[in-house]
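# Coordinates in review
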Amino acid sequence: MGVFRAMIARTFSAATSRSLRVCVVGSGPAGFYTAEKMLKAHEEAEVDIIDRLPTPFGLVRSGVAPDHPETKIVINQFSRVAHNERCSFFGNVSLGSSVSLSELRQIYHVVVLAYGAESDRVLGIPGEDLSGVHSAREFVWWYNGHPDLSQLAPDLKNTDTAIVLGQGNVALDVARILLRPPAELATTDIASHALAALKESSIRKVYLVGRRGPVQAACTAKELREILAIKDLYVNIKQDDLQITSADEEEMKNSRIRRRVYDLLSKASSSSQTHPSSGQPELHFTFFRKPDKFLESSDKSGHVAGVKFEKTTLKGSGNQIAAGTGQYEDLKCGLVLKSIGYKSIPVDGLPFDHSKGVVPNIRGRVVSSSDVGQPVDGLYVCGWLKRGPTGIIATNLYDAEETVTSISEDIKKKDLTSEFASGREGLLQLLENRKIKVVTFNDWEKIDSEEKRLGSLMGKPREKLTNWKDLLAK
Amino acid sequence: MFISKLSRLGAQAFKGLSKAPLTIRPKRSFFPIVQKDYLEPASCKLFSTTAIGNSQEKEESQKISVTFFDKDGEQEIKVPVGMSMLEAAHENDIELEGACEGSLACSTCHVIVMDVEQYNKLEDPTDEENDMLDLAFGLTETSRLGCQVIAKPELDGLRLALPAATRNFAVDGYKPKPH
C-alpha cells in the first residue's frame, strides 16, 4: 500500500533507535492535548494518534453543536499538532477490532487511552426501549453527521412535544436545536439530513426535566443565556420551584456557576409572559421530577406517548439528593431525549470499574483490577475514560498535563527506549496485513476540503460527509 | 484575604526563580501566531486596533510593559497599545493557551492580574466574559481572560500570572471524587 511505503521511507529517516514510541488511542481533546504535551516534554518521542473514525477531533466534531462554531476553533491547534513531523494520525483504526490492546502495548513503549465515552447511562425503567426514546448522544451524533447515526431518522412529525431528561449543557443543546428556527440552522455545519428533518418538524414544546431544583441544574450560564434568548420563545419556569432552602444557599455560596445560573433562571421566570400565544414555541423548565416509566401510546404501536414522573424533594446537604414523594404526574410527548450522562465502553484486557464507568487509575497510570493498586506498566489513560464524562474541552488540558507528568516520572525511573518497540512501522505493517485502510491526516485534509467545498455551494461552512463509504473513499 | 492569596501566588511564581536563571523561551514553539482561518466571530478582539480618534494617533505606536509570571519564572514583554494580552503572549512565545483564539468561547487564556489597582483600571468584564470565567481553573477575584485585556497606556507595568496547573478538574470548583 502506497501510504505504508511512504511512511516507512519517512520514518526510517526521522526515527532513531532512541525514539520513545507513543500511541494515543482517541483523537478528541484528551488525545490531542496528550499528544501535544508528550511531543513538547520529550524531544525524542514519536506519537501516533489512532481513532476508529476516519475523521479526527472526537466530540469537537461530533458533539459541539452546529451553532457553536467558535467552540470548534481549537481544531486549528490540534491540526498544528498533527502536522508535527513526530506526530501521525491514523483514522479508521479501531482498538479491539483493528488492533488489540496487547498488540499495541507490544508495538509501543507507551499507550495512552483517550477514547472517551461512546455509550449512555440508562435509567433502567419500563418502556425505555419504546420507539421515540433516544439518548441525547444519539440525537447529537445524528445532527452532527456522525457516520454511525446518520440513519437514526428520529420521528419529529408525530408530535408537538418533546421531553428532554436532564438539564446539563447537552440537554440545552438538543432543546435549542429542536426550537431554533431551521432557517438559522441552515447556515451552520449541521448535517443535511437533520436540517431537512427539522424543517418538517412539528415539535413546538420542549420540556427540560430535572430530578432536582434550579440550584442543582447542571447547565452553565452561557448556554442558558443563549436558549432563553431564542426569538419569540415562551419560557416557563414556575416561581414555586425557585424557592431556595438554606442548603441551597450553601451550595450557591460555594459555586459562582450555580449562583449565576440560578439568577438567570429567576430573572427568566419573573420576566416571562403569563401564557404562550397560539403557535408560539415553548420551553418549560420542569424541576423536582424523577422519571418512573415511559408510557406507550394507546394504539400499542410500541411508540412512546408520555412519561410518568414521581415528584421529588431534596434531602441532605452539600450534594443534596432527590428523594421520591410517592406522588406522580404524567407528561405527554412523542419524543424523549435522555440526557443523563455518557458511559465509557470497556475493552478486552483493560481494567475497568463498571460502577463508575472509568478505567481505574492513579493520576493517569492505569492500575490493575486484580492486583489492586498496582500500576500497569506503560499504560495510561486521559480524558473521560479517566475521570468520567464531565467537564469542558479545556478540562482535558489539565487532565493531559497530569497524565503526561506521570508518564515523564515513570520514564525517568525506567528507560523504556532500551527495549525495542516497532512503533509506527510495526502498527502500519500489522494493519496492512489485516487489509485495514488507514486514513492519514493528509487524507482527512482531503475530506475537510471536500466538505468545505460542498458547504460553500450551500452557504454553510461545511457540508459533512456522513457515511462510511464516502469518508473512506478519499 | 485575597492579598494573601496573591502573595501566595507571587511566592509560587517566584519559587522557580531561585532554582534556575530566568528562562528565555526557545524560539521553537507550539503556539505560533494565531490564525483565524475559520469564522469571524463578532466578539473577537484578538486583532483589534484602537478605535480612538486621530488625536491619540501617537498612542497607537506606544508600547506598554507587561510581565507574565508562571511556575517556571517571569518574562517581560512590550505590548503595543490596542493589542490583547493573548496575542501579545503568542507573539512572544509565552505559553498562554488560546483554544478558541479570542472568540470568548473558552477559558484557556485565563490570567490573574497580580495588582488590585491594575485590575481596577480594566473595564468590567461583560456577561459573556464572566460566563467563560465561571469555567476557568484556579479562578481568583482578579482573574480575567487574556484575550479581553487590551493594552492601554494606564496599564504600563501590568503584571499577569498564569494560573498554576492544578489537579482540580471539576468545572464548578468542587474537588473530584477519588477514583
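Residues numbered from 1 in each chain as written. Chains lettered and ligands numbered in written order. Predicted model: local features only at pLDDT ≥ 70, side-chain atom pairs only at ≥ 80, totals over all residues. Heavy atoms only, no water.

Naming follows an unreviewed UniProt entry, where chain B appears as Putative FERREDOXIN of Helianthus annuus. The UniProt entry for chain B carries this comment under Cofactor (unreviewed entry): "[2Fe-2S] cluster". (UniProt positions renumbered as here; feature names shortened; annotations may be inferred.)

## Comments concerning helix α15 (residues 423-433) of chain A
All names here are of chain A. Here α15 lies mainly inside the structure; eight of its 11 residues are buried. Restricting attention to buried positions, one finds in α15 the residues G423, R424, E425, G426, L427, L428, L430 and L431. K435 occupies a position one or two residues after α15 and carries a positive phi of about 55°. (Buried < 20%, exposed > 50% of the residue type's maximum accessible area, 1.4 Å probe, protein only. Helix = DSSP H or I, 4+ residues; strand = E, 2+ residues; numbered from the N terminus.)

## Considerations on unusual backbone geometry
One non-glycine residue with positive phi stands out, namely K435(A), at about 55°. Following the sequence through the fold, K435(A) ends up in the loop between α15 and β19 (439-440). Classification of K435(A) as exposed rests on a relative accessible area of 74%. Of note in the backbone geometry, E101(B) takes a positive phi value of approximately 55° without being a glycine. Relative to the elements of secondary structure, E101(B) occurs in the loop between α3 (85-91) and β3 (110-113). Exposure remark for E101(B): the relative accessible area of 4% places this residue in the buried category.

## Structural notes on the confidence of the model for chain B
Residue and element names in this part refer to chain B. A residue-level look at chain B finds 58% of positions with pLDDT of 70 or above and a mean pLDDT of 74. Across chain B, element-level confidence peaks in strand β4 (residues 143-145) with a mean pLDDT of 98 and bottoms out in helix α1 (residues 2-19) with 47. In this model, residues 13-53 is a region of pLDDT below 50 whose contacts with residues beyond four sequence positions or in other chains number 74 contacts. Every residue in residues 165-179 scores below 50 in pLDDT, and together they form 36 contacts with partners more than four places removed in sequence or on other chains. Scored by ipTM, the complex comes to 0.90, with pTM at 0.87. (pLDDT = per-residue confidence, 0-100. Contact = heavy atoms within 4.5 Å.)

## Concerning a positive patch on the surface
Taken together, R121(A), R211(A), K290(A) and K343(A) make up a surface patch of like positive charges. Tracing the backbone through its elements, the reader meets K290(A) in strand β11 (residues 289-296). (Patch = residues over 30% accessible without salt bridge, like charges linked within 9 Å, V, L, I, M, F, W, Y side chains within 5 Å. Areas by Shrake-Rupley, 256 points an atom, 1.4 Å probe, with all protein chains shown as cover. Salt bridge = Lys/Arg side-chain N within 4 Å of Asp/Glu carboxyl O. Lys, Arg positive; Asp, Glu negative; His and termini not counted. Charge placed at Lys NZ, Arg CZ, Asp CG, Glu CD.)

## Focus: the pairing of strand β3 (residues 87-91) of chain A
All names here are of chain A. Most of β3 is tucked away, with five of its five residues classed as buried. Neither face of β3 is open: one carries C87, F89 and G91, the other S88 and F90, and all of them are buried. Pairing of strand β2 (residues 45-51) with β3 involves five bridges; the strand directions are parallel. In the strand pairing of β3, I50 is matched with F90. Where β3 meets β19, two bridges bridge the pair, whose relative direction is antiparallel. Residue pairing for β19: G91 is matched across the bridge by V439. (Pairing = 2+ DSSP bridges.)

## Re the sheet that holds strand β12 (residues 304-315) of chain A
Residues and elements named next belong to chain A. Pairing in this open sheet of three strands is antiparallel, and the strands run β11-β12-β13 from one edge to the other. Across the chains shown, the open sheet's two edge strands, defined by having one partner strand only, are β11 and β13 (321-332). Averaged over all pairs of adjacent strands, the angle between strand axes in this sheet comes to 20°, irrespective of strand direction. Note that β11 and β12 share seven bridges and pair antiparallel. Bridging from a neighbouring strand, E296 pairs with V304 of β12. (Axes fitted to C-alpha atoms, helices over the stretch in contact; angles between N-to-C directions.)

## Focus: the sheet that holds strand β5 (residues 158-161) of chain B
Residues and elements named next belong to chain B. Strand order in the open sheet formed by five strands is β2-β1-β5-β3-β4, and the pairing between neighbours is mixed. Of all strands in the sheet, those bounded by a partner on one side alone are β2 (73-80) and β4. On average, each strand axis in the sheet is tilted by 35° relative to the strand beside it, whichever way the strands run. Both strand β1 (residues 63-70) and β5 contribute to a ladder of four bridges, which runs parallel. Looking at the pairing, V66 lines up with L158 of β5.

## Brief notes about the environment of R159(B)
Residues and elements named next belong to chain B. On the secondary structure map, R159 appears in strand β5. For the pair formed by R159 and G98, sequence separation is 61 residues and the distance between their alpha carbons is 19 Å. With sequence-adjacent residues up to four places away left out, R159 is seen in contact with T67, F69, I112, V113, M114, D115 and Q118.

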